[in-house]
Amino acid sequence: MNGSRRLTPQEIADILRERIRAGELKAGDRLPTQAELAEEFGVERGTVRQALRALQQDGLLSNVSKGSPPRIAEPPPTREEPQPTMVALAPRLTEAFSAPHVRVDVVCHTSETLMLALGEPVRLIHEGRIRPESIDFRVLLPSRDINLAFPVPVDGRSGDDTVHDRWLQMRNAQAQVLDHNLRAFRSTHGIDVRVRFRGLPFTPPMKLYLLNGEEALFGYYMLERREEEWGSQTLDMYDVLGSQSLLFSFVKRAGQRDAAFVEESEKWFDALWETITTDLTLP
C-alpha cells in the first residue's frame with residue numbers, strides 16, 4: 001500500500017459488504033481468492049480470512065471452505081410481517097416442539113395466549129406426529145402481591161381489589177392448565193417434562209418467548225381502556241389484550257444482529273430467573 005496504514009479486517013469486510021449492497025457482487029458470484037484479495041488490499045491472507053469470517057457471520061457468504069473461494073449468499077427469505085400473538089405463536093411453538101429437546105422461556109402478564117397456542121403441538125404429540133424427548137418450560141409471571149401497573153380501575157379507586165382479583169384468578173387458572181397439559185406427557189408418552197414458574201416483582205410491559213435458544217419472539221403490551229363483565233360488576237379498567245400484541249421474530253441464523261438479540265434476551269431472562277424473582281406456587 002506504498003507505506004500507508006494497512007486496512008483492518010473490519011475495514012476490508014466493510015468494503016466488500018458495500019460492494020454486495022451496491023450490486024457489484026451479486027448472489028451466487030464467487031469472491032476473488034484470498035490471495036487476490038490480499039494483493040488488492042495490500043494485507044496478509046490472515047487479515048483477509050478474518051474479514052471473510054465476519055461476512056460469513058453476517059450471513060453474506062456461503063460455501064465458505066478452504067478449498068475454493070466463497071460465494072455471495074442468497075438473501076435470506078423475507079420474514080413475514082409481525083402478526084398478532086394468537087396467529088404467530090402456535091406455528092413457532094409447533095416448530096420448536098419438533099426438536100428432540102424443547103426449551104421454552106417465557107415472560108408474560110398471564111399465560112392465556114401461551115396456553116392456547118400450545119394446543120397445536122399438544123395435538124401433534126398425541127397424534128404421534130412429533131415426539132420430543134424432553135420439554136423444559138420456564139415462565140415468569142407477575143407476583144400476586146405487587147401493585148400491578150395494569151390492569152387497574154380507570155377511576156383509580158383504592159381499596160377495591162376486584163380488578164386485581166380478576167387478573168389473579170385468570171393468571172392462576174391459565175397457568176394450572178398449562179402446567180397440567182405439559183406434565184401429562186410424562187404418563188401418556190414417557191416424555192421428560194419440567195415446568196417451572198417464578199414471580200416477577202414488576203409488571204412486564206412486553207412479552208417474550210425464547211424458543212430452543214434459536215429464536216426470540218418479542219411483543220409490546222398495548223394498553224387500552226375497556227369494560228368487562230365480572231360477576232355482578234362491570235369493570236371499567238385500563239388493561240391489555242395480549243393475544244393482539246404484534247410479535248417480532250429474531251432468529252439466530254438470520255445474522256449477527258438477530259443472534260445478538262436472542263443471546264442478550266436469554267441472558268436477561270436468566271438474570272431475572274436467578275436473582276429478583278421468587279418461586280410461584282400455583283394454588
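Before reading on, note that the structure itself is shown above.
Quantities reported herein were computed from a predicted structural model and do not represent experimental measurements. (Residues numbered from 1 in each chain as written. Predicted model: local features only at pLDDT ≥ 70, side-chain atom pairs only at ≥ 80, totals over all residues. Heavy atoms only, no water.)

**Observations regarding the overall build of the protein chain**
And step 1. For the protein chain, the count of helices and strands is 8 helices and 13 strands.
And step 2. Against the 2.2 N^0.38 benchmark of 19 Å for 283 residues, the protein chain shows a C-alpha radius of gyration of 25 Å, more extended than a compact globule.
And step 3. Once the C-alpha set of the protein chain is aligned to its principal axes, its extents read approximately 85 × 45 × 35 Å.
And step 4. Counting every position in the protein chain, which comprises 283 residues, the buried fraction comes to 42%.
And step 5. Pairs at least 24 residues apart make up 73% of the contacts formed inside the protein chain by residues separated by at least 6 positions.
And step 6. As displayed, the protein chain has an accessible area near 15300 Å², and 49% of this comes from carbon and sulfur atoms.
And step 7. The distance from the centre of the 35 positive side-chain charges to the centre of the 42 negative ones in the protein chain is 6 Å. (Helix = DSSP H or I, 4+ residues; strand = E, 2+ residues; numbered from the N terminus. Rg over C-alpha atoms; globule rule 2.2 N^0.38 Å. Buried < 20%, exposed > 50% of the residue type's maximum accessible area, 1.4 Å probe, protein only. Contact = heavy atoms within 4.5 Å. Areas by Shrake-Rupley, 256 points an atom, 1.4 Å probe, with all protein chains shown as cover. Lys, Arg positive; Asp, Glu negative; His and termini not counted. Charge placed at Lys NZ, Arg CZ, Asp CG, Glu CD.)

**Examining helix H3 (residues 45-57)**
And step 1. Here H3 contains 13 residues, and its C-alpha end-to-end distance of 18 Å stays within 8% of the 18 Å for a straight helix at 1.5 Å per residue.
And step 2. Every buried residue of H3 is accounted for by Thr47, Val48, Ala51, Leu52, Ala54 and Leu55. Burial along H3 is one-sided: seen end-on, the buried residues are contained in an arc of 155°.
And step 3. Just beyond H3, the residue with positive phi is glycine 59, at close to 80°. (Expected span 1.5 Å × (residues − 1). Arc of directions from axis to C-beta.)

**Some remarks on the nonpolar core**
Generally speaking, a soluble globular protein has its nonpolar side chains buried in company with each other.
And step 1. One finds Leu93, Phe97, Leu114, Ile135, Phe137, Val139 and Leu182 to be the most contacted residues of the largest nonpolar core, which totals 37 residues.
And step 2. For this core, the secondary structure elements donating two or more residues are helix H4 (85-97), strand S4 (101-107), helix H5 (112-117), helix H6 (119-126), strand S5 (134-142), helix H7 (162-189), strand S7 (192-200) and strand S8 (206-211).
And step 3. At 6 residues, H4 tops the list of elements feeding residues into this core.
And step 4. If we skip the residues at most four places from it in the chain, leucine 114 touches Leu89, Leu93, Val106, Phe137, Val139, Leu178 and Tyr209.
And step 5. The next biggest cluster of nonpolar side chains, apart from the first, holds 17 residues, and it includes Leu25, Leu31, Ala51 and Ile72. (Core = buried A, V, L, I, M, F, W, Y, C linked by side-chain atoms within 4.5 Å.)

**Description of the sheet that holds S8**
Adjacent strands of a sheet pair through backbone hydrogen bonds, lying either parallel or antiparallel.
And step 1. The strand order across the open sheet built from 8 strands is S3-S12-S9-S8-S4-S5-S7-S13, with neighbouring strands paired in mixed fashion. With one partner strand each, in any of the chains shown, strand S3 (83-84) and strand S13 (278-279) form the two edges of the open sheet.
And step 2. In the sheet, S8 pairs with strand S9 (residues 215-220) via 6 bridges, with the strands oriented antiparallel. If you follow lysine 207 over to S9, its bridge partner there is glycine 219.
And step 3. The sheet contacts of H7 involve S5 and S7, and relative to S7 the element is tilted by about 160°. (Pairing = 2+ DSSP bridges. Axes fitted to C-alpha atoms, helices over the stretch in contact; angles between N-to-C directions.)

**Comments concerning the packing of helix H2 (residues 34-41) against H3**
And step 1. At their nearest, the axes of H2 and H3 sit 9 Å apart, and the two run at 105° to each other. For the element pair H2 / H3, the angle class is roughly perpendicular. Touching Gln34, Ala35, Leu37 and Ala38 of H2 are Arg45, Val48, Arg49 and Leu52, all from H3.
And step 2. Of the residues in the contact of H2 with H3, the class split is 5 nonpolar, 1 polar and 2 charged. (Parallel < 35°, antiparallel > 145°, perpendicular 65-115°, else oblique. Nonpolar A, V, L, I, M, F, W, Y, C, P; charged D, E, K, R; others polar.)

**Here we look at a nonpolar patch on the surface**
And step 1. Nonpolar side chains collect at one region of the surface, where Tyr220, Met222, Leu246 and Phe248 lie side by side and expose about 410 Å² of accessible area between them.
And step 2. Tracing the backbone shows tyrosine 220 in strand S9. (Patch = residues over 30% accessible without salt bridge, like charges linked within 9 Å, V, L, I, M, F, W, Y side chains within 5 Å. Salt bridge = Lys/Arg side-chain N within 4 Å of Asp/Glu carboxyl O.)

**A short note on unusual backbone geometry**
And step 1. Cis rather than trans, the peptide bond between phenylalanine 150 and proline 151 has omega equal to -5°.
And step 2. Note that proline 151 resides in the loop between S5 and strand S6 (152-153).
And step 3. Backbone geometry at asparagine 212 places phi at a positive 55°, although glycine is not the residue there.

**Here's the deal with the side chain of threonine 94**
And step 1. Assignment of secondary structure puts threonine 94 in helix H4.
And step 2. Excluding residues that lie within four positions of it along the chain, threonine 94 makes contacts with Glu120, Pro121 and Leu124.

**Some remarks on the sheet that holds strand S11 (residues 233-240)**
And step 1. Read from one edge to the other, the open sheet built from 3 strands follows the order S6-S11-S10, with strand pairing classed as antiparallel. Two strands bound the open sheet, and with one partner strand each, they are S6 and strand S10 (223-230).
And step 2. As defined by bridge partners, S6 adjoins S11 across 2 bridges and the pair is classed as antiparallel. Paired with proline 153 across the strands is methionine 237, a residue of S11.
And step 3. Strand contacts of H7: S6, S10 and S11, with the helix running at about 70° to S11, the strand carrying the most contacts.

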